[in-house]
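# Coordinates in review
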Amino acid sequence: MASATTAPPPPGNLKRIVAASLIGTTIEWYDFFLYGSAAALVFNKLFFPDSDPLVGTLLSFLTYAVGFAARPLGALVFGHYGDRLGRKKLLVLSLLLMGGATFAIGLLPTHATVGAAAPVLLTVLRLVQGFALGGEWGGAVLLVSEHGDARRRGFWASWPQTGAPAGQLLATGVLSLLTALLSDGAFNTWGWRIPFLLSGVLVIVGLWIRLSVDESPVFKQALAQAEARKAAPAAAAEKLPLVSVLRHHWRDVLVAMGARMAENISYYVITAFILVYATTSAGVSKQTALNAVLIASAVHFAVIPAWGALSDRAGRRPVYLLGAVGVGLWMFPFFSLIDTGGFGNLILAVTVGLVLHGAMYAPQAAFFSEMFATRMRYSGASIGAQFASVAAGAPAPLIATALLSDYGSSTPIALYVIAAAVLTVIAVGAAKETRHRDLADIESSTDAQDATAKAADAHTV
């Protein structure tokens, strides 16, 4: 395992990179989470009005899940070109795609206006959102990881991760404000469109900041090495990043996928499904449920950098395992507190759940970045993260809602999250600790493996 010898960048430059990644991911997650909240609150009435309320919610969450189905495709496309062309160009493109799709949702006609075409158009735009987010996450965390030094990589790389609670905070805050100011009729008629149209303004701000940052120096170095290898006599053609990932890092991809199970499933149960469960089973008002998620998201935002810093001292694996075990143990108390219907208990349930989730989410950026070589890192990290989301986050609210509909109890839902936690503990327990790895040395190690393989092939021939 290589020592952490990479020289740290100037503090001002690193902070600018972190700010650019954080603001960009906040906007992207705002767009993505806004859809999830709207799916739980109004889309069932606006796009599936002929269904039973709970069935309408299921159909609404089904379009929500479709966005996750497009994320692996986004991971493949953005990962390929991000490893070939650089992180910055692809991050600008992902922001434009996500913001454009979200703005367009705010202009969509509803079922009352165009009939069955309304949910079809909604689904298409959700696919664009998922495709964009599938490429965003890997590039944003890599840009910070590759600019920072190994000693504090967990802390700095955790800041783009705070874009998720920041986006959740912003989306929930806007919806909570609108539901407080508007009547149900006004909100369902036109008020729900405002947060989606607001995305257009946010994207302009995000592009202005994101265009101001430099490309990753680690990527520039790896690209120069690749160009030098191409110029060498009898140089072999460079393999596609996906091929290299599957050849050198298939175990790491499986570890990343397993690590995301508890993290992804628990998050969407705690933040999206709760809007259904609290309002239908616990008798809590829509406004109260939104306010609880709002407060808990603020705490979530604050603790993620702290968990990231702890992973620099204790290691990625111990912190991640703490979060996975904690989330599993918390599920039964989580639902018991919500069932009381008290606002304080609701806040406690969601806040503790998100704090424990943060122990997995914070070290994830550095952990996944440190698994892969530079010229396949965007592909490897994105594939591991986004392919898992299809089996984890995508169906989580859908499965939880179906379990509630079938059993009328939170027990099967709690067991569902606990099973995911067990899978994550197994995956992370089988992984190697990565916190001392130097990203440039990972590149050299992979090059050496390729050279050895080529020499063995030549000797065989």
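Summarised in this report is the structure supplied together with it. The structure displayed is predicted, hence computed values, not measured ones. Sequence order sets the numbering: in each chain, residues are counted from 1 along the sequence as written. Restriction of local features to residues with pLDDT of at least 70 applies here, the model being predicted, together with a cutoff of 80 or more for giving and counting side-chain atom pairs; totals for whole chains, interfaces and linings are based on all residues. Side-chain descriptors were evaluated using all non-hydrogen atoms of the structure, hydrogens and water having been removed beforehand.

Turning to the environment of aspartate 312, a few remarks are in order. Secondary structure elements are taken from DSSP: a helix is a run of H or I of four residues or more, a strand is a run of E of two residues or more, and numbering for both begins at the N terminus. Along the polypeptide, aspartate 312 turns up in helix H14 (residues 286-314). Exposure is judged per residue with a 1.4 Å probe applied to protein chains only, and the accessible area is read against the type maximum: over 50% gives exposed, under 20% gives buried, and values in between give partly exposed. Relative accessible area serves as the criterion here: at 13%, aspartate 312 is assigned to the buried category. When the C-alpha positions of aspartate 312 and phenylalanine 155 are compared, they lie 7.0 Å apart, and in sequence the two are 157 residues distant. Contacts are assigned to residue pairs with any non-hydrogen atoms lying within 4.5 Å of each other. Discounting chain neighbours no more than four positions away, the residues touching aspartate 312 are Ala150, Arg151, Arg152, Arg153, Gly154, Phe155 and Arg435. N or O atoms within 3.5 Å of each other form a polar contact, as long as, within protein, one can give a hydrogen and the other can take it, and as long as residues adjacent in sequence are counted only when both atoms are side-chain atoms. A polar side-chain atom of aspartate 312 sits 2.9 Å from the main-chain amide nitrogen of phenylalanine 155.

By definition here, a salt bridge exists when the distance from a side-chain nitrogen of Lys or Arg to a carboxyl oxygen of Asp or Glu is within 4 Å. Going through the model one piece at a time under the given rule, you end up with seven salt bridges. Among the ionic pairs, arginine 87 bridges to aspartate 83, the shortest N-O distance being 3.1 Å. The exposure class of arginine 87 is buried, given its relative accessible area of 0%. Accessibility expressed as a relative area gives 0% for aspartate 83, which makes it buried. In this structure, a network of salt bridges that share partners links the residues Asp83, Arg87, Glu146 and Arg377.

Below, the discussion takes up the packing of helix H7 (residues 153-161) against helix H8 (residues 163-181). In a pair of packed helices, the angle between the axes and the distance between the axes together describe the arrangement. Every angle, taken between N-to-C directions, lies between 0 and 180 degrees, and every axis is a line fitted to C-alpha atoms, over only the stretch in contact when it is a helix. Between H7 and H8, whose axes approach to 5 Å, the crossing angle comes to 25°. One element, H7, and the other, H8, form an angle in the roughly parallel class. Mapping the contact onto sequence places Trp159, Pro160 and Gln161 in H7 and Gly163, Ala164 and Pro165 in H8. For this classification, under 35 degrees means roughly parallel, over 145 means roughly antiparallel, 65 to 115 means roughly perpendicular, and everything else is oblique.

Attention shifts here to the side chain of serine 382. You can see serine 382 is positioned in helix H17 (residues 374-391). Accessibility expressed as a relative area gives 0% for serine 382, which makes it buried. Not counting residues up to four positions away in its chain, the partners in contact with serine 382 are Ala75, Gly134, Gly138, Arg377 and Phe387.

With that out of the way, let us pick up the nonpolar core. Side chains that are nonpolar tend, in soluble globular proteins, to be buried together. Throughout this description, the term nonpolar core refers to a set of buried Ala, Val, Leu, Ile, Met, Phe, Trp, Tyr and Cys residues connected via side-chain atoms within 4.5 Å. Grouped together as the largest cluster of nonpolar side chains are 120 residues, with contacts concentrated most on Phe43 and Phe334. Element by element, the count of residues in this core is highest for helix H13 (residues 250-280), at 17 residues. Core analysis: the next-biggest nonpolar cluster, separate from the first, contains 16 residues, Val18, Ala20, Leu90 and Leu142 among them.

Attention now goes to the packing of aromatic side chains. Working definition: an aromatic ring pair is given by the centre-to-centre distance plus the angle between the planes. Working definition: rings of Phe, Tyr and Trp (its six-membered ring) pair if their centres are within 6.5 Å, and the pair is stacked with planes under 30 degrees apart, edge-to-face with planes over 60 apart, and tilted otherwise. Here the structure, examined in full by the defined rule, presents 17 aromatic pairs. Taken together, a centroid distance of 6.2 Å and an interplanar angle of 70° make the contact between tryptophan 159 and phenylalanine 301 edge-to-face. Of the two residues, tryptophan 159 is situated in helix H7 and phenylalanine 301 in helix H14; the sequence distance between them amounts to 142 residues. A relative accessible area of 27% places phenylalanine 301 in the partly exposed class. Grouping aromatic residues by their ring pairs yields a cluster made of Tyr35, Phe43, Phe47, Trp192 and Phe196. Counted as over-ring charges are cases with an Arg CZ or a Lys NZ within 6 Å of the ring centre that also lie within 35 degrees of the ring normal. Over the ring of tyrosine 35 we find arginine 126; its NZ or CZ atom is 4.3 Å from the centre of that ring.

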